[in-house]
Amino acid sequence: MNWKNLLGGSMRSFRRFKLRSFFMGVGVAIGVATLVAGGAVGKGLADRLSDGLDRMIGPGSILVGSAELEMADLEAIASRMEQVEAVSPFLMLGPQEIRYVGANRQAAVYGTSENGDYVWSRGVVEGRYLDGRDVDRAERVALVGTKLKAALFGNGDAIGAEILIKSVPFEVIGVLEPIGIDPHGEDRDMDVYVPITTAQRRVANTDVIGNGKIVIGDADKMDDAAEEIAVILRERFSIPAGEPETFRIYTSEFAGAAADRAKKALGVYVFIASVVVLLVAAVVISSIMLVAMRERIAEIGLRKAVGATSGAIATQFLCESTIVSLVSGLVGIGLGVGLATVVARMYEIPLQMSPLLVIVAVSASIVVGVVSGIVPARRASRLDPVAALR
């Protein structure tokens, strides 16, 4: 079999029927692009999710949440448990209007304590963090995220400037360390941190903190520590024996399991989406090839009349479907890389393109081409040359 003539004939067919070739390949290109972009961005997104969960509930940390939780409850836990190294509240005030001169932005405001940089693993890159005096005196001072600083102050200096939060003036004393998008999809570089006492008295007018984090000295005894915390909170919230708990306790093991589930779910979604698109593409290619076969009955009959075997005819059709699928797959890889790059830059997700992903994409393109060409190739090879030439 002359492979050079075979490939040459396939390419002439593509050039002759450009629109048909385009429709045959567009589905494969979209499917491969979905696979490549989803795989590259998905891996980076999963890693970002793991990093965010580690920051939120890292090794040796326990997160407590309750609509009844107050600062006194965290202090009780710290005083009754020797293994506790530090505790810090995290009062979520939700989106608030932040104003500075003629600029204003919506940003999430949180109340925390002077050791929040250690407990929540987030310090400052400019200025200073909150201190005990700020918390004790409920000072009107604030830390702003890097993106919020840029939105309000541009290239100017934010330290010492006065911003308004719900019409309450605050002095900016620091710029928070950038951490990007959190596991909930929120841009944490638009955050504002204020002292927990200031958030309670001057902004929210509440004694509740909602969330707190406890750092345990011995990370190997997390389960025992979590059980002890549960006992203390049940006692402080006056929950009778047998009644459900009104609080939530999360450990680093929970965070790791959640990250693993998210990675698996994302991988399954990308795989299913890609397979569905590629199956549709295979059906489209097969259907168009069947139409093309009927239009080329005379050509097939003539080739058989001059000595072409049924195998050669079948190989011709398989070659055409495989080439169009492979070329479309290569185009899809380029589109997928481009799409993944754009998405990664927009949402600040690390892009992770592996050679295995490209190999899988190319292999999938070849498989789709071969599978979609089987039925047209068999029908073309079984044509009777006498009947075809009539």
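Predicted model only: the values in this text are computed from it and were never measured.

**Overview of the overall build of the protein chain**
Moving on, step 1. Counting its secondary structure elements, the protein chain contains 13 helices and 11 strands.
Moving on, step 2. Here the C-alpha atoms of the protein chain give a radius of gyration of 31 Å, more than 25% beyond the 21 Å that 2.2 N^0.38 yields for 390 residues.
Moving on, step 3. C-alpha extents for the protein chain along the principal axes are approximately 100 × 55 × 30 Å.
Moving on, step 4. Within the span of the protein chain, comprising 390 residues, buried residues form 47% of the whole.
Moving on, step 5. Long-range pairs, those at least 24 residues apart, make up 78% of the contacts in the protein chain with a sequence separation of at least 6.
Moving on, step 6. Computing the positive centroid from 40 side-chain charges and the negative centroid from 43, the protein chain places the two 19 Å apart.

**Re the packing of helix 2 (residues 18-56) against helix 11 (residues 310-347)**
Moving on, step 1. Where helix 2 contacts helix 11, the axes come no closer than 6 Å and their chain directions differ by 35°. Read as a crossing pair, helix 2 and helix 11 show a hand that is right-handed.
Moving on, step 2. Of the residues that constitute the contact of helix 2 with helix 11, the class distribution is 17 nonpolar, seven polar and one charged.

**What about the packing of aromatic side chains?**
Remark: the centre distance and the inter-plane angle together describe each pair of aromatic rings, the angle taken between the planes.
Moving on, step 1. Applying the stated criterion across every chain, the model contains seven aromatic pairs.
Moving on, step 2. Plain terms: the ring middles of Tyr110 and Tyr193 are 6.0 Å apart, the flat faces sit at 80° to each other, and that makes the pair edge-to-face. Note that Tyr110 is positioned in strand 4 (residues 103-112) and Tyr193 in strand 9 (residues 192-195), a separation of 83 residues in sequence.
Moving on, step 3. According to the relative accessible area criterion, Tyr193 is buried, its value standing at 3%.
Moving on, step 4. An angle of 65° between the planes, with centres 6.0 Å apart, marks the rings of Phe237 and Phe247 as edge-to-face. Here Phe237 is found in the loop between helix 8 (222-236) and strand 11 (247-251), whereas its partner Phe247 is found in strand 11, with 10 residues between them in sequence.
Moving on, step 5. Residue class for Phe237 comes out buried when judged on its relative accessible area of 11%.

**Points about a negative patch on the surface**
Moving on, step 1. On the surface, a cluster of negative charge is made up of Asp223, Asp224, Glu227, Glu228 and Glu253.
Moving on, step 2. Of the residues forming the negative patch, the biggest block, four residues, is contributed by helix 8.
Moving on, step 3. Residue placement: Asp223 occurs in helix 8.

**Description of helix 8**
Moving on, step 1. Compared with an ideal rise of 1.5 Å per residue, which puts 15 residues at 21 Å, helix 8 spans 21 Å between its outermost C-alpha atoms and is within 8% of the ideal.
Moving on, step 2. In this fold, the buried residues of helix 8 make contact with strand 1 (61-66), helix 3 (71-80), strand 10 (211-216) and strand 11.
Moving on, step 3. Immediately downstream of helix 8, the backbone of Ser238 shows phi near 55°, a positive value.

**Some words on a nonpolar patch on the surface**
Moving on, step 1. Together, Val268, Phe271, Ile272, Val275, Val276, Leu279, Val280 and Val284 give the surface a local cluster of nonpolar side chains, amounting to about 680 Å² of exposed area.
Moving on, step 2. By the element assignment, Val280 lies in helix 9 (residues 252-295).

**Here we look at the sheet that holds strand 11**
Moving on, step 1. Read from one edge to the other, the open sheet built from four strands follows the order 2-10-1-11, with strand pairing classed as antiparallel. Bordering the open sheet on either side are strand 2 (84-89) and strand 11, each of which pairs with just one other strand. The sheet shows a mean angle of 20° between the axes of neighbouring strands, taken without regard to direction.
Moving on, step 2. Looking at chain direction, strand 1 and strand 10 are connected through five bridges and run antiparallel.

**Digging into the pairing of strand 4**
Moving on, step 1. In this structure, strand 3 (residues 91-100) lies alongside strand 4, joined through nine bridges in antiparallel fashion. Pairing of Ile98 across the sheet is with Arg105, part of strand 4.
Moving on, step 2. Between the antiparallel neighbours strand 3 and strand 4 lie two residues, among them Val101 with a positive phi of about 50°.
Moving on, step 3. Pairing analysis gives four bridges linking strand 4 to strand 9, with the strands arranged parallel. Looking at strand 9, one finds that Thr112 is bridged to Pro195.

Criteria and thresholds
- Residues numbered from 1 in each chain as written.
- Predicted model: local features only at pLDDT ≥ 70, side-chain atom pairs only at ≥ 80, totals over all residues.
- Heavy atoms only, no water.
- Helix = DSSP H or I, 4+ residues; strand = E, 2+ residues; numbered from the N terminus.
- Rg over C-alpha atoms; globule rule 2.2 N^0.38 Å.
- Buried < 20%, exposed > 50% of the residue type's maximum accessible area, 1.4 Å probe, protein only.
- Contact = heavy atoms within 4.5 Å.
- Lys, Arg positive; Asp, Glu negative; His and termini not counted.
- Charge placed at Lys NZ, Arg CZ, Asp CG, Glu CD.
- Axes fitted to C-alpha atoms, helices over the stretch in contact; angles between N-to-C directions.
- Left-handed = near helix turned anticlockwise from the far one by under 90°.
- Nonpolar A, V, L, I, M, F, W, Y, C, P; charged D, E, K, R; others polar.
- Phe/Tyr/Trp six-rings, centres within 6.5 Å; stacked < 30°, edge-to-face > 60°.
- Patch = residues over 30% accessible without salt bridge, like charges linked within 9 Å, V, L, I, M, F, W, Y side chains within 5 Å.
- Areas by Shrake-Rupley, 256 points an atom, 1.4 Å probe, with all protein chains shown as cover.
- Salt bridge = Lys/Arg side-chain N within 4 Å of Asp/Glu carboxyl O.
- Expected span 1.5 Å × (residues − 1).
- Pairing = 2+ DSSP bridges.

Function cannot be inferred from these measures alone, as they are strictly geometric.
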